[in-house]
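Listed here are the chains, written in short residue letters.
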Amino acid sequence: MSEALRADVSASVLCWLATADAEGHPNVSPKEMFTTLGDDSLVIADIASPRSVANIRINPRVCVSFVDVFRQRGFKVEGKASLVEQGHPSFETVAADLLQMAGPDFPIRAVIVVAIDKVSRIWAPSYRLFPERSLEERMQAAYDTYGVEPKAKPE
Ligand SMILES: Cc1cc2nc3c(=O)[nH]c(=O)nc-3n(C[C@H](O)[C@H](O)[C@H](O)COP(=O)(O)O)c2cc1C
C-alpha cells in the first residue's frame with residue numbers, strides 16, 4: 001500500500017462503499033469510520049449498514065472510493081470484502097482503530113474488511129485542465145468553492 005493511499009484515507013472525511021446483490025443491483029452508501037489495516041486492506045465499521053452487509057454476504061466484490069476534498073484527489077479501491085462480527089476472536093484486533101475513532105457512542109456491529117485487489121487514482125479534472133496550478137492554489141480554490149477557511153494552514 002502506498003503512502004499516498006494512506007495519506008488520502010486519513011484526509012478523507014468519508015468513503016463510499018459500493019456493493020451489489022446476487023442480481024447485480026448496485027448499492028452505494030457513505031461511511032465515516034474507515035481506515036487502513038496492514039499493507040493490503042481497508043476496514044470499514046458497520047454501524048448502520050444493513051444492505052451493504054447483506055450484499056457482502058452473498059457477493060464479496062466491492063468498490064470503495066474516497067477523496068480529500070481540499071486536495072481534490074483520492075482513490076478508488078476494488079477488492080473482496082469479508083465480515084468480522086462483534087464477538088469473533090479477532091474482532092478487537094481488527095476493529096482496534098475503528099473502535100478508537102467511533103468511541104462509545106457508535107457501537108460497531110461488524111468490521112467490513114476489504115482485501116485490496118486493485119487501486120486507481122482519482123484526480124479532479126482541474127489537475128488535467130490546469131496542470132500548472134500549485135497544490136496551495138488548488139486548496140485555496142477548494143476553500144473558496146466550499147466557503148470554508150482552514151483553522152491552521154496545512155503543511
Ligand atoms: C456522514 C455519514 C457518515 C456515516 N458513517 C457511517 C459509518 O461509518 N458506518 C455505518 O455503518 N454507517 C454510516 N453512515 C450511515 C449509513 O451510510 C446509512 O445508514 C446508510 O443508509 C447505510 O446504507 P447500506 O445499508 O446500504 O449500507 C453514515 C452516514 C452519514 C450521512
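Residues numbered from 1 in each chain as written. Predicted model: local features only at pLDDT ≥ 70, side-chain atom pairs only at ≥ 80, totals over all residues. Heavy atoms only, no water.

Asks: So what exactly am I meant to see when it comes to the sheet that holds strand S2 (residues 26-31) here?
Replies: Backbone-to-backbone hydrogen bonds pair the strands of a sheet. The strands run either parallel or antiparallel. Taken together, 7 strands build an open sheet; the order of strands is S2-S1-S5-S6-S7-S4-S3 and the sheet is antiparallel. The strands lining the two open edges of the sheet, one partner per strand, are S2 and strand S3 (34-37). Recorded for the sheet is a direction-independent mean angle of 30° between the axes of neighbouring strands. Two elements, strand S4 (residues 41-46) and strand S7 (residues 110-123), share 6 bridges in a ladder whose sense is antiparallel. Bridge pairing in S7 places Asp46 opposite Ala110. (Pairing = 2+ DSSP bridges. Helix = DSSP H or I, 4+ residues; strand = E, 2+ residues; numbered from the N terminus. Axes fitted to C-alpha atoms, helices over the stretch in contact; angles between N-to-C directions.)

Asks: Sorry if this is basic, but what is going on with the domain arrangement of the protein chain here?
Replies: By a widely used convention, the size of an interface equals the accessible area lost when the partners come together. Domain boundaries assigned for the protein chain yield domain 1 (3-123) and domain 2 (126-155). On a C-alpha basis, the centres of domain 1 and domain 2 stand 27 Å from each other. At the junction of the two partners, domain 1 supplies 6 residues and domain 2 supplies 10 residues. In total, about 730 Å² of surface goes out of reach between domain 1 and domain 2, with carbon and sulfur atoms giving 66% of it. For the interface between domain 1 and domain 2, the tally reads 0 salt bridges. For the pair domain 1 and domain 2, the number of links is 2 residue pairs in polar contact (both at pLDDT 80 or more). (Domains from an automatic or database assignment. Contact = heavy atoms within 4.5 Å. Buried area = accessible area lost by both parts, 1.4 Å probe. Salt bridge = Lys/Arg side-chain N within 4 Å of Asp/Glu carboxyl O. Polar contact = N/O pair within 3.5 Å; in protein donor to acceptor, adjacent residues only side chain to side chain.)

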